[in-house]
Amino acid sequence: MAAATQRTGSTIDPAEVARFDAIARDWWDPKGPMAVLHKFNPVRLAYVRDEACTHFGRDPKQMRSLEGLTLVDIGCGGGVLSEPLARLGAEVTGLDPAPTNIAVARAHAEKGGLAIDYREETIEAVVASGQRFDIVLAMEVVEHVADVEAFVAACCAAVKPGGLLVMATLNRTLKSYALAIVGAEYVLRWLPRGTHDWEKFVTPAELGGAIESNGFTLGTQTGVVFNPLTGRWSASRDMDVNYMLAASRGD
């Protein structure tokens, strides 16, 4: 993994970028390859909003509860999460190395009248430029990078003093192999085959340890589970497959 990082000058895995770039134009099709993400998105959005409001002393019931806060959405894809965060008032920057993703995200945001700064850029490059954010998001990105520790370090470096880091990924368990790969990719066909590599999944202990090693304090952690009877995703204490966590940086 370190070799891949050196070749690309970042933690980006070129094969992963190409895979997502190939299906980028379907980001906003709720019945297309990203259908499961559209169903998953409300849980992600609620978690980010609530964690940010708790951290910054905001009221999550307010329509523009994130007003004035700067936020970067790393691996933003077509902007499925960036857009609702912008509507909550955040000053959103979306990063993605796949050019088609950024093109799709920009066009959709313009159509909706949203001013989101989408860039075909890496978080490492942003950090090198000196830019920092109140909130840094890396949602469903960790399992696709070439070097987890280096990526986490870059994410942490992008957080302003007193800021918040929120990450979501897949746990490396037999249960996640059965559900996230065999079930989601081969049986239910929610995702294209090859979307995930189980060996690149990261346990909460591994991710939490990497974050803490950068001087952050871990906060809440929650699992996310799917209910086949209702067809909905919800927060849960079960972190065996999908999970999210938040961490804060001291002043």
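Residue indices follow the written sequence of each chain, beginning from 1 at its first position. Only residues with pLDDT of at least 70 are given local features in this predicted model, and only at 80 or more are side-chain atom pairs given and counted; all residues enter the totals for whole chains, interfaces and linings. Side-chain figures throughout are based on the complete set of non-hydrogen atoms in the structure, without hydrogens or water.

By the naming in an unreviewed UniProt entry, the chain goes by Ubiquinone biosynthesis O-methyltransferase and is assigned to Bosea spartocytisi. UniProt positions are given in the numbering used here, feature names are shortened, and annotations may be inferred rather than shown by experiment. The record held by UniProt for the chain lists under Function (unreviewed entry) the comment "O-methyltransferase that catalyzes the 2 O-methylation steps in the ubiquinone biosynthetic pathway." Note on the chain: under the UniProt heading Pathway (unreviewed entry), the record states "Cofactor biosynthesis; ubiquinone biosynthesis."

(A) Up close: the nonpolar core. In this description, a nonpolar core means a group of buried Ala, Val, Leu, Ile, Met, Phe, Trp, Tyr and Cys residues linked to one another through side-chain atoms lying within 4.5 Å. The cut-offs for exposure are 20% and 50% of the maximum accessible area for each residue type, with area from a 1.4 Å probe on protein chains only; residues under the lower value are buried, those over the upper are exposed, and the others partly exposed. Judged by nonpolar contacts, the single largest core of 33 residues is most densely connected at Leu66, Leu85, Leu137, Met139 and Val166. The helix count covers DSSP runs of H or I at least four residues long, the strand count covers runs of E at least two residues long, and both are numbered beginning at the N terminus. Taken together, the elements giving at least two residues each to this core come down to helix H3 (35-56), helix H4 (82-87), helix H5 (99-111), strand E4 (133-139), strand E5 (159-170) and strand E8 (242-249). Ranked by residue count, the leading element in this core is H3, at seven residues. Throughout, a contact is declared for two residues whenever any of their heavy atoms are within 4.5 Å. Residues within four places of Leu137 in sequence aside, it is in contact with Val48, Leu71, Val72, Asp73, Ile74, Leu81, Leu85 and Val166. With 31 residues, the next largest nonpolar core counts Val126, Val148, Ile211 and Ala247 among its residues.

(B) Seen up close, the environment of Ser236. Looking at the secondary structure, you find Ser236 in strand E7 (residues 232-236). Through-space distance from the C-alpha of Ser236 to that of Val225 is 6.3 Å; in sequence the pair is 11 residues apart. In this structure, Ser236 is in contact with Thr222, Gly223 and Val225, ignoring residues within four places of it in sequence. In protein, a polar contact requires one atom able to donate a hydrogen and another able to accept it; more generally it is a pair of N or O atoms within 3.5 Å, and residues adjacent in sequence count only if both atoms are side-chain atoms. Of note is the side chain of Ser236, whose polar atom sits 2.9 Å from the backbone nitrogen of Asp238.

(C) Molecular detail of the UniProt feature "binding site: S-adenosyl-L-methionine" (unreviewed entry) in the chain. With numbering matched to this structure, UniProt assigns "binding site: S-adenosyl-L-methionine" (unreviewed entry) to Arg44, Gly75, Asp96 and Met139. Along the polypeptide, Arg44 turns up in helix H3. Note on placement: Met139 falls in strand E4. Exposure remark for Met139: the relative accessible area of 4% places this residue in the buried category. Leaving out residues up to four positions away in the same chain, Met139 has contacts with Arg44, Val48, Ile74, Leu81, Val166, Met167, Ala168 and Met244.

(D) Region of interest: the side chain of Thr70. Mapped onto the fold, Thr70 is located in strand E1 (residues 70-74). When neighbours within four sequence positions are excluded, Thr70 is seen to be in contact with Glu91, Arg132, Phe133, Asp134, Ile135 and Lys160.

(E) How the structure looks around the pairing of strand E2 (residues 91-95). In terms of burial, E2 is a largely internal element, four of the five residues being buried. Seen with its strands pointing away from the viewer, a crossover is right-handed if its path from the first strand over the helix to the second goes clockwise. Handedness of the crossover joining E2 and strand E3 (residues 117-119) through H5 is recorded here as right-handed.

(F) Fine view of H5. Between its terminal C-alpha atoms H5 stretches 19 Å, which fits the 18 Å expected from 13 residues at 1.5 Å a residue. Within H5 the residues assigned to the buried category are Thr100, Asn101, Ile102, Val104, Ala105 and Ala109. Directly beyond the C-terminal end of H5, a positive phi value near 70 degrees is found at Gly113. A helix is expected to reach a length of 1.5 Å times the quantity of its residues less one.

(G) Fine view of the pattern of salt bridges. Salt bridges are defined as contacts in which a side-chain nitrogen from Lys or Arg sits within 4 Å of a carboxyl oxygen from Asp or Glu. Inspection of every chain in the model, using the stated rule, returns 10 salt bridges. Among the salt bridges present, the one from Arg64 reaches Glu67, with a minimum N-O distance of 2.6 Å. As a salt-bridge pair, Glu121 and Arg119 come within 3.6 Å of each other at their nearest N and O atoms. On the accessibility criterion, Arg119 (16% relative accessible area) is buried.

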